[in-house]
Amino acid sequence: MEGGENKEVEDKVWLATSDGGREEEGHIDGFSDERRVMMGTEVGLALPDFFGKPQLKESPLLRLSFSSDHTDTWAPSILSSSSSSFPCLSPPLPPSVGLDGVLAEGRLVLDVYRGGGEVLPVFWECVQEQMRGLQYVRLGSEDEGALESALHILPRLTQLRSLAIRGHRFHDPQGDPLPGLLSSLPDSISSLSLLVHLDLSFNRLSSLPPCILSLSHLSELLLCHNRLTGLSEGLGALASLRRVSLLGNRLVDLPQGVGLLCRLEELDVSFNQLERLPEELGQLQNLQTLELSNNRLRVLPETLGSLRSLRQLVIQSNDLRSVPECLHSLPLLDKLDMRNNPLGRPPTPPPLAHVTPVQERSEIPELHLGLEQHSFQVSPAGCHVFLPGGAELLFPRRCVSLVTQLQWAERRPDRKWVWLEEHDILLSRQLELCPHGATFEEPVEVCIPYRKARKGDVAVRRFDGQSWTTLPTLTRRGSEKHSCRPGGRPARLACCSVSQFSWFVAVSRPFLDSCSVSPEGALLVSQFDPGIKLTFPPECTIGTRTVTLQVLQVALSEVQDLTGDPQASASPLLCLNQTPSIHFLQPIRVQVPLPPGVTGHMVDMSRLHLMHGDPMAHTWTDITAQVSLYVTHIYAVFSITHFSWYWLWYTTHRCVSGVVRKMYQRLKQFRVRFLALQRKSDPEQVLLQCLPSDKAESRLSSLSEQYEGPQPSELCILLEGEQFFAGFERGIDISADRPDCKDGRLSFTFYSHLKNIKEVHVCPTHPQQGTVRGQVSFYRGEVPNDLPEEVASKRKGHDNQWMATLPLRIPNADCDGNISGELNLGDPESGYLTQTNLLSISLRINQEWQNIGISLGISYDQLERIRNQHRDNFGAQVLAMLFHWARGQQGAGPGAVQRLMKALVDSGRRDLAEEVEDIVTLGKRKYEESLKRVGLETPTTSGDPQSS
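Small disclaimer: the values here were computed from a predicted structure and weren't measured.

Trainee: Looking at this structure, I do not really get the overall build of the protein chain. What am I missing?
Mentor: A count of helices and strands for the protein chain gives 18 helices and 51 strands. Within the protein chain, residue pairs in contact and separated by at least 24 positions form 61% of the contacts whose partners lie at least 6 positions apart. On the protein chain, roughly 45300 Å² of surface is accessible, and the fraction owed to carbon and sulfur atoms is 49%.

Trainee: Hey, could you run me through a negative patch on the surface in this one?
Mentor: Side chains of E118, D143, E144 and E148 sit close together on the surface and give a patch of like negative charge. Along the chain, E144 turns up in helix α6 (residues 144-153). Overall, E144 belongs to the exposed group, its relative accessible area being 60%.

Trainee: Honestly, the state of the cysteines in this entry has me stumped. Any pointers?
Mentor: The full count for this structure, using the stated rule, is one disulfide. Looking at the unpaired C540, the closest cysteine sulfur is the one in C515, lying at 9.7 Å. Residue classification places C540 among the buried residues on the basis of a relative accessible area of 0%. There is no disulfide at C690, and the cysteine sulfur nearest it, in C716, is 8.0 Å away. Classification of C690 by relative accessible area gives buried; the value is 0%.

Trainee: In this structure, what is going on with the environment of G853? I would like to understand it.
Mentor: Counting through the fold element by element, G853 comes out in helix α14 (residues 849-855). A relative accessible area of 0% means that G853 is categorised as buried. In this structure, the C-alpha to C-alpha distance between G853 and L882, residues 29 residues apart in sequence, is 7.7 Å. Here G853 is in contact with I858, L863 and M881, once residues within four sequence places are set aside.

Trainee: Explain the packing of helix α16 (residues 874-889) against helix α17 (residues 896-906) to me, please; I cannot follow it from the model alone.
Mentor: Axes are the key here: two packed helices are described by the angle between their axes and the distance separating the axes. It is at 11 Å that the axes of α16 and α17 come closest, and there the two elements cross at 150°. Note that α16 runs across α17; the crossing there is right-handed. Listed contacts from α17 to L882, W885 and Q889 of α16 are A896, R899 and L900. Residues belonging to the contact of α16 with α17 are distributed by class as follows: four nonpolar, one polar and one charged.

Trainee: How should I be thinking about the packing of aromatic side chains in this particular structure?
Mentor: Aromatic rings in a pair are described by how distant their centres are and how their planes are angled relative to each other. The final tally for this structure, using the stated rule, is 20 aromatic pairs. Directly above the ring of Y779 sits R745, whose terminal nitrogen or CZ lies 3.8 Å from the centroid. When the ring centre of F748 is taken as reference, the NZ or CZ atom of K758 above it lies at 4.7 Å.

Trainee: Is there a simple way to think about the sheet that holds strand β12 (residues 312-314) in this case?
Mentor: The strands making up a sheet associate through hydrogen bonds between their backbones, and the pairing can be parallel or antiparallel. Taking strand neighbours across the sheet as the criterion, the eleven strands line up as β3-β4-β5-β6-β7-β8-β9-β10-β11-β12-β13 in an open arrangement whose pairing is mixed. Sheet topology places β3 (103-104) and β13 (335-337) at the edges, where each strand pairs with a single neighbour. Here three bridges tie strand β8 (residues 220-222) to strand β9 (residues 243-245), and the two strands are oriented parallel to one another. Of the residues in β9, the one forming a bridge with E220 is R243.

Trainee: So what exactly am I meant to see when it comes to unusual backbone geometry here?
Mentor: Most peptide bonds take the trans form, and the phi angle of most residues other than glycine is negative. Between C434 and the following residue, P435, the backbone shows a cis peptide bond with an omega angle of 0°. Positionally, P435 belongs in the loop between β20 (430-434) and β21 (439-450). Cis geometry marks the peptide bond from T579 to P580, where omega comes out at 0°. Tracing the chain through its elements places P580 in the loop between β32 (573-579) and β33 (588-593). Positioned with a positive phi, R730 is a non-glycine residue whose angle comes to about 60°. Take R730: it is sitting in the loop between β43 (723-729) and β44 (732-734). Judged by its relative accessible area of 62%, R730 falls in the exposed class.

Trainee: Can you help me understand the side chain of Q685 in this one?
Mentor: Structurally, Q685 is set in strand β40 (residues 682-692). Not counting residues within four places of it along the chain, the set of residues in contact with Q685 comprises L677, Q678, R679, E759, V760 and H761.

Trainee: Where do I start with the sheet that holds strand β48 (residues 772-780) in this structure?
Mentor: The strand order β45-β46-β43-β48-β49 describes an open sheet built from five strands, whose pairing is antiparallel. At either margin of the open sheet sits one strand with a lone partner, and together these are β45 (741-742) and β49 (802-810). Two elements, β43 and strand β46 (residues 745-749), share five bridges in a ladder whose sense is antiparallel. Bridge pairing in β46 places G727 opposite R745.

Trainee: Whenever I open this one, the confidence of the model for the protein chain confuses me. Can you help?
Mentor: The predicted model of the protein chain averages 77 in pLDDT, with 78% of residues at 70 or higher. Below a pLDDT of 50 lies the segment residues 352-362, which in the model reaches four contacts outside its immediate sequence neighbourhood of four places, other chains included. Counted against residues more than four places away or in other chains, residues 813-821, with its pLDDT under 50, gives 15 contacts.

Trainee: Help me understand helix α13 (residues 835-842) in this model?
Mentor: Structurally, the α-helix is built with 3.6 residues per turn, so residues lying three or four positions apart point the same way. Those residues of α13 that fall on the buried side of the exposure criterion are N837, L838, I841 and S842. The arc enclosing the buried residues of α13, seen along the axis, measures out at 135°, which places them on a common side.

Trainee: Whenever I open this one, a positive patch on the surface confuses me. Can you help?
Mentor: A contiguous patch of positive charge, built from R412, R429, R451, K695 and K755, is present on the exposed surface. Summarising the element assignment, R429 is placed in the loop between β19 (425-426) and β20.

Trainee: What is the right way to look at α17 in this model?
Mentor: A896, V897, L900, M901, A903 and L904 are the residues of α17 that are buried. Here the buried residues of α17 occupy an arc of 160° about the axis, which is enough to place them on one side.

Trainee: Any chance you could explain the nonpolar core here in plain terms?
Mentor: The tendency in soluble globular proteins is for nonpolar side chains to be buried side by side. Ranked by internal contacts, the top residues of the largest apolar core, which has 78 residues, are M131, L154, I165, I212, L290 and L300. Counting only elements with at least two residues in this core, the list comes to β4 (107-109), α4 (119-126), β5 (136-140), α6 and β6 (162-166). Excluding residues within four positions of it along the chain, I212 makes contact with L185, L198, L200, L218, L221 and L238. Within the second largest apolar cluster, 59 residues are counted, among which are I425, L431, L688 and F750.

Trainee: How should I be thinking about the packing of α4 against α6 in this particular structure?
Mentor: At a closest axis distance of 7 Å, the pairing of α4 and α6 adopts a crossing angle of 35°. For the pair α4 and α6, contact is made by L120, P121 and W124 and by S149, A150 and I153, respectively. A per-class count over the contact of α4 with α6 returns five nonpolar, one polar and no charged.

Trainee: Just to check I follow, could you spell out the pattern of salt bridges for this structure?
Mentor: A pair can form between side chains of opposite charge whenever their charged atoms are brought close. Within this structure, the stated rule accounts for 16 salt bridges. D337 is the salt-bridge partner of R339, the closest N and O atoms lying 2.8 Å from each other. By relative accessible area, which is 34% here, R339 ends up partly exposed. Here the residues in one salt-bridge network are E220, R243 and E266, joined through shared partners.

Trainee: Is there a simple way to explain the pairing of strand β16 (residues 383-386) in this structure?
Mentor: What you see with β16 is no split at all: C383 and V385 on one side and H384 and F386 on the other are buried throughout. With three bridges connecting them, strand β14 (residues 366-368) and β16 associate as parallel partners. Paired with L367 across the two strands is V385, which belongs to β16. Inspection of the sheet shows β16 paired to strand β17 (residues 392-395) by four bridges, in the antiparallel sense.

Trainee: What exactly am I supposed to notice about the pairing of β40 here?
Mentor: Successive residues of a regular strand alternate their side chains across the two faces of the sheet. For β40, the tally of buried residues reaches eleven of eleven residues, placing the bulk of the element in the interior. The sheet contact formed by strand β39 (residues 669-679) and β40 spans eight bridges and is antiparallel. Note on β40: the bridge partner recorded for F674 is C690. Sheet analysis places β40 next to strand β47 (residues 757-764), joined by five bridges and oriented antiparallel. Counted as the bridge partner of V686 is V760 from β47.

Trainee: Looking at this structure, how should I read the environment of P121?
Mentor: Within the secondary structure layout, P121 lies in helix α4. You can call P121 partly exposed: its relative accessible area is 28%. Here the alpha-carbon distance between P121 and L154, two residues 33 residues apart in the chain, equals 9.6 Å. Not counting residues within four places of it along the chain, the set of residues in contact with P121 comprises S149 and I153.

What counts, and where the lines are drawn
Residues numbered from 1 in each chain as written. Predicted model: local features only at pLDDT ≥ 70, side-chain atom pairs only at ≥ 80, totals over all residues. Heavy atoms only, no water. Helix = DSSP H or I, 4+ residues; strand = E, 2+ residues; numbered from the N terminus. Contact = heavy atoms within 4.5 Å. Areas by Shrake-Rupley, 256 points an atom, 1.4 Å probe, with all protein chains shown as cover. Patch = residues over 30% accessible without salt bridge, like charges linked within 9 Å, V, L, I, M, F, W, Y side chains within 5 Å. Salt bridge = Lys/Arg side-chain N within 4 Å of Asp/Glu carboxyl O. Lys, Arg positive; Asp, Glu negative; His and termini not counted. Charge placed at Lys NZ, Arg CZ, Asp CG, Glu CD. Buried < 20%, exposed > 50% of the residue type's maximum accessible area, 1.4 Å probe, protein only. Disulfide = S-S within 2.5 Å. Axes fitted to C-alpha atoms, helices over the stretch in contact; angles between N-to-C directions. Left-handed = near helix turned anticlockwise from the far one by under 90°. Nonpolar A, V, L, I, M, F, W, Y, C, P; charged D, E, K, R; others polar. Phe/Tyr/Trp six-rings, centres within 6.5 Å; stacked < 30°, edge-to-face > 60°. Lys NZ or Arg CZ within 6 Å of the ring centre and 35° of its normal. Pairing = 2+ DSSP bridges. pLDDT = per-residue confidence, 0-100. Arc of directions from axis to C-beta. Core = buried A, V, L, I, M, F, W, Y, C linked by side-chain atoms within 4.5 Å.

Right under this line is the structure:
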């Protein structure tokens, strides 16, 4: 098949099929919009969109059955029959849709139906003429019986041009994709001589089926995510191949015959185990895209310099120490991705033999603690302790000589304790391990769960009571049997080894690399981007000094928004430090990638600016004219003699220092929004929260069932770890006795990855009859020490630091049935309990408070909500339970006090019931005495306590 006919078929195939896209955690991505259309209901499109028929809509379960005579007609009837002699389509078709809704225009798409392959034999028997003309077939391979039925019929479809038999088309009840079951193809498949496109992705193929080598017209072969360990040398016989994808297999090498694929334009062998490439790869003169990422390549063949048509070469995440110079001379190459390779580093020495037996860890017993278990014991046998929330503590054998009692606690971070450097982001709560200073004979592994952060290093910091220390940190996933959420993935853990207990937190910081520079010279390569290098020539220093390199990623969209220049871009920000801080004797060569979208062939040197930052003065200076700056195809190179901040910008602006300073400040800031919501059941309970702007709407939606209030505030800017206040105004007040209340305002500390939330009780400043309409305003508080002077100077007065205001509305009890003012139960004549009485009683209630709540008629769900709202404050849980019940008794008539006494007795607290009875009796006696004093006593009035 040549010329226009071949191109027409390939164009149809391209629009009608999906490639073997990468899959991670059960989701397939990498499909273009046109390809997603042809995936039908599997990607969320309704059946009518898929077949182009407006009458196809969702329907109840129906069976596909044919008339008894099995006549060869175009549209056999589709009935809701109970006959089991024909297979079902699931999801089913509506009764008004004929066979032409499934089989039309030479296409048969059955991978949107579970077990759809079983229908092929029925179709072949009933509409054989139409089946002979099929050109396009898609099948799922998750059902073994359906797959076997389909493989018997496929060789008869001799006009077939495109065939897809893919796994992962359906998911199990847990949401995980079902694997494909295809492990081989029958030899009779070679009869499909017109086949142009073949997709067998997400199956169990361990070798290339021999029948494929007979498909001489095949131009697209997709074998992604199988179990291939090798390829046949006969692959070179498929001379028509233009696209081959072998992503996600187990290939160790490629056959030499791959060099015979003279028409090949795209080759993807990423995510395999390739250790070498054949020299014959350089014979692919039409190759435009070569994907080699995530393999084990140590060297690339020099013959790659012959690929004159190559436009994209992706070799990231290998073990390459260097790349051939010939790659830089390829005329059409516009994308060369070399990230995550140890470029420029010496060969890794062989690993040392392990002295400690590896089986010791498996013998260590496990201990899973609950939320209320804050104490545990460790014996000389060691222990693997799993804490609630995902944290893990690994005590090796013989780390203690005797059985030792230990404690743990998780606390909200406090700014006066947590140490954050510039551009650091807090990732976890503060984990306290006690007793402080306890020394272990073997290092204990402490693993702290953290949330995903911006691209950067994750490090554990320890506070010993006087100073903070950054510990060597490794990251990993937690144990599969200890997920931080039921049924969810294990937590991300930042792990360090310690010999003493204290306070620990996880932070994210810019990528940090360091090395020692001696008089002989050195080379420092960034782990963030191997293209960032510092070359130290010989005799650049007299004594050995330590050098550190930090790299901070810059978002292209932020640069363009700030400059107003759609073509502006910037390289990563470099922060260079050294100890001792003295100038080098020889210039240090610095190599950085050119800003995104800029290459050496098209760069306009007049728009390229090298900026130098002074960390002490917080200023930026354009030093482009002061250094020798030259560019290669993808890098910029310059020389310096002292270390500081360096940043490469590409923009049309002539004076960029002010823009760079603003951009640098934005990298340290977070755009935030504020929430002020009132509980629907009690508007005097107000929830305050500050969170990053992109999380505000989703958070508001999740709280809408329990809370109501205004929309989130407009955008404000805060720094990580900055303090701010919430002040209540215009007739609304809070208790000034709270420990976090300063000058009548609540104190917060902003952390981008924590909730920054407080729930407070508000009340009217003065008793009022109607609704109180007030507000809560948010103000900047204490200025961080590292804030630049030009920013700090703008904050002068207390109220001048205002950031946002949100309205509050406290309704009167007559309006919404809510209670304001003093809370009373009962009445003076039969005895009553005041709000103060309830507070006194709550102080004596212990762990039985939930039993008392159930006896009072409070639902279990409500008790759980109260417990979760005040998880760290037991007294608040008891008080919230009592007041929740008391508010529900307002206006319910007499008997509330007696119900409370009965609930106390039923829960085993007769002592409290007697105390309540004494309070009621005293109240009634005072009421009777007051009647006597004014002469209003009546004969029906009785002082008998039992009368109540």
